[in-house]
Amino acid sequence: MHVDNMLFTFEKGARKIQLSYVIAKNDFSKAGTVASNIKKTLRKLGISSDIIKRVAVASYETEMNVIIHSHGGKMYLRIDLEKITIIAEDEGPGIEDVEMAMKEGYSTATSQIRELGFGAGMGLPNIKRCADDFEINSSLGNSTIIKVVFNL
Amino acid sequence: MKLRDIQKIINAKVLTGEKYLDNVIKTAFACDLMSDALTFKEDKTLLLTGLVNPHIIRTAEMMDISAVVFVRGKEPDEETIKLAKEIGIVVMTTENILFTCSGILFMNGIKGAELARR
Ligand SMILES: Nc1ncnc2c1ncn2[C@@H]1O[C@H](COP(=O)(O)OP(=O)(O)OP(=O)(O)O)[C@@H](O)[C@H]1O
Ligand SMILES: [Mg+2]
């Protein structure tokens, strides 16, 4: 995991934090380090454990999708007074049929990936379940952008 | 049931986390795919798996699961143990197969974990 940029601003007591992370394609040695860092950051801020767990699961699934299915990308953690936002933006190849990708059990993971324990096709549905608000934007040949919001 | 009692009844060897063996376990689930694990609700939960790699430990970390049992005599590599030690997760390994382990635990009052729903 590589923390790329950190921004902390406190304006009139209003908390605003942004952290960004760089994720490399197929870098299984660092798998989970982004989600782990996000989890630790939230714990330090004293966020409730129920929310932390939901953010951790969603972040981990998001991070693994970037590692496994994309050419690499970035993840962002944004925290303000009302909400926590996780954003992932990768460098493609994009998803041909997003509706299909959202279905439980749908996966294009190879047998090699499945041997590592991924490819149940449960990642995107898991992210949606954990979130208060979930957006996915993708098409073949383009970036996949995911935005996951958790209300505080 | 305390982890040290679980260790005895499933005949397991503790690979890391000796100091947490007084932690209590109420529920368990068994699976070999990370995202399947990530659909469960943690409630003093034990994870049983035949898959041995550091990703299992990461998955446990995200879910606040405090103990993992590798079945069928599978021994994790150093990296897996190191990560578990760092996070503070108990890791055990047993010669018993998944079915046998699950059966023993169920007979001793450990219940299946519930799915997380919202
Ligand atoms: N960032 C991404 N870029 C390209 N394709 C993606 C991306 N994220 C998901 N997909 C596609 O959507 C499918 C479903 O994703 P999902 O996370 O639900 O399952 P999975 O990653 O295949 O398996 P699991 O998450 O259960 O380990 C993937 O198999 C893949 O085809
Ligand atoms: Mg996935």
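Residues numbered from 1 in each chain as written. Chains lettered and ligands numbered in written order. Predicted model: local features only at pLDDT ≥ 70, side-chain atom pairs only at ≥ 80, totals over all residues. Heavy atoms only, no water.

Caption draft 1: Structural detail: the sheet that holds strand S1 (residues 12–16) of chain B. All names here are of chain B. Read from one edge to the other, the open sheet built from 6 strands follows the order S1-S5-S4-S3-S2-S6, with strand pairing classed as mixed. The open sheet terminates on both sides in strands that have one partner only, identified here as S1 and strand S6 (111–112). Sheet topology places strand S2 (residues 27–30) next to strand S3 (residues 45–49); 4 bridges connect them, and they run parallel. Across the sheet, residue Phe29 finds its bridge partner in S3, namely Leu47. This element, helix H3 (residues 54–63), spans S2, S3, strand S4 (67–70) and strand S5 (90–94) of the sheet and lies at about 150° to S4. (Pairing = 2+ DSSP bridges. Helix = DSSP H or I, 4+ residues; strand = E, 2+ residues; numbered from the N terminus. Contact = heavy atoms within 4.5 Å. Axes fitted to C-alpha atoms, helices over the stretch in contact; angles between N-to-C directions.)

Caption draft 2: Quick look at helix H5 (residues 123–130) of chain A. Burial of H5(A) is extensive: 6 of the 8 residues sit out of reach of the surface. Along H5(A), the residues classified as buried are A:Gly123, A:Leu124, A:Pro125, A:Asn126, A:Ile127 and A:Cys130. Along its buried surface, H5(A) packs onto helix H2 (49–69), helix H3 (98–101), strand S5 (133–137) and strand S6 (145–151) of chain A together with helix H2 (34–37) of chain B. (Buried < 20%, exposed > 50% of the residue type's maximum accessible area, 1.4 Å probe, protein only.)

Caption draft 3: Region of interest: the interface of chain B and chain A. In this complex, chain B contributes 19 residues to the contact, which on the side of chain A involves 28 residues. Counting each side, the surface lost to burial between chain B and chain A is near 2,000 Å², with a carbon and sulfur contribution of 54%. Looking only at chain B, the three residues that lose the most surface to chain A are B:His55, B:Met62 and B:Arg118, adding up to 34% of its buried area. Across the contact surface, chain B and chain A share 3 salt bridges. Residue A:Lys53 pairs with B:Glu42 through a salt bridge whose shortest N-O separation is 3.6 Å. Along the contact surface separating chain B from chain A lie 12 residue pairs in polar contact (both at pLDDT 80 or more). Only H2 and H3 of chain B provide two or more residues apiece to the side of chain B that touches chain A. Per-element accounting of the side of chain B that touches chain A gives the leading share, 6 residues, to H3(B). Looking at the side of chain B that touches chain A residue by residue, the classes come out as 7 nonpolar, 5 polar and 7 charged. (Buried area = accessible area lost by both parts, 1.4 Å probe. Salt bridge = Lys/Arg side-chain N within 4 Å of Asp/Glu carboxyl O. Polar contact = N/O pair within 3.5 Å; in protein donor to acceptor, adjacent residues only side chain to side chain. Nonpolar A, V, L, I, M, F, W, Y, C, P; charged D, E, K, R; others polar.)

Caption draft 4: Quick peek at the packing of helix H1 (residues 33–44) of chain A against H2(A). Residue and element names in this part refer to chain A. H2 packs onto H1 with a crossing angle of 160° between their chain directions and a minimal axis gap of 8 Å. In terms of orientation, H1 and H2 fall into the roughly antiparallel class. Considering how the two elements wind past one another, H1 and H2 form a crossing that is right-handed. Along the contact surface, H1 presents Thr33, Val34, Ala35, Ile38, Lys39, Leu42 and Arg43, while H2 presents Ile52, Val55, Ala56, Ser59, Tyr60 and Glu63. (Parallel < 35°, antiparallel > 145°, perpendicular 65-115°, else oblique. Left-handed = near helix turned anticlockwise from the far one by under 90°.)

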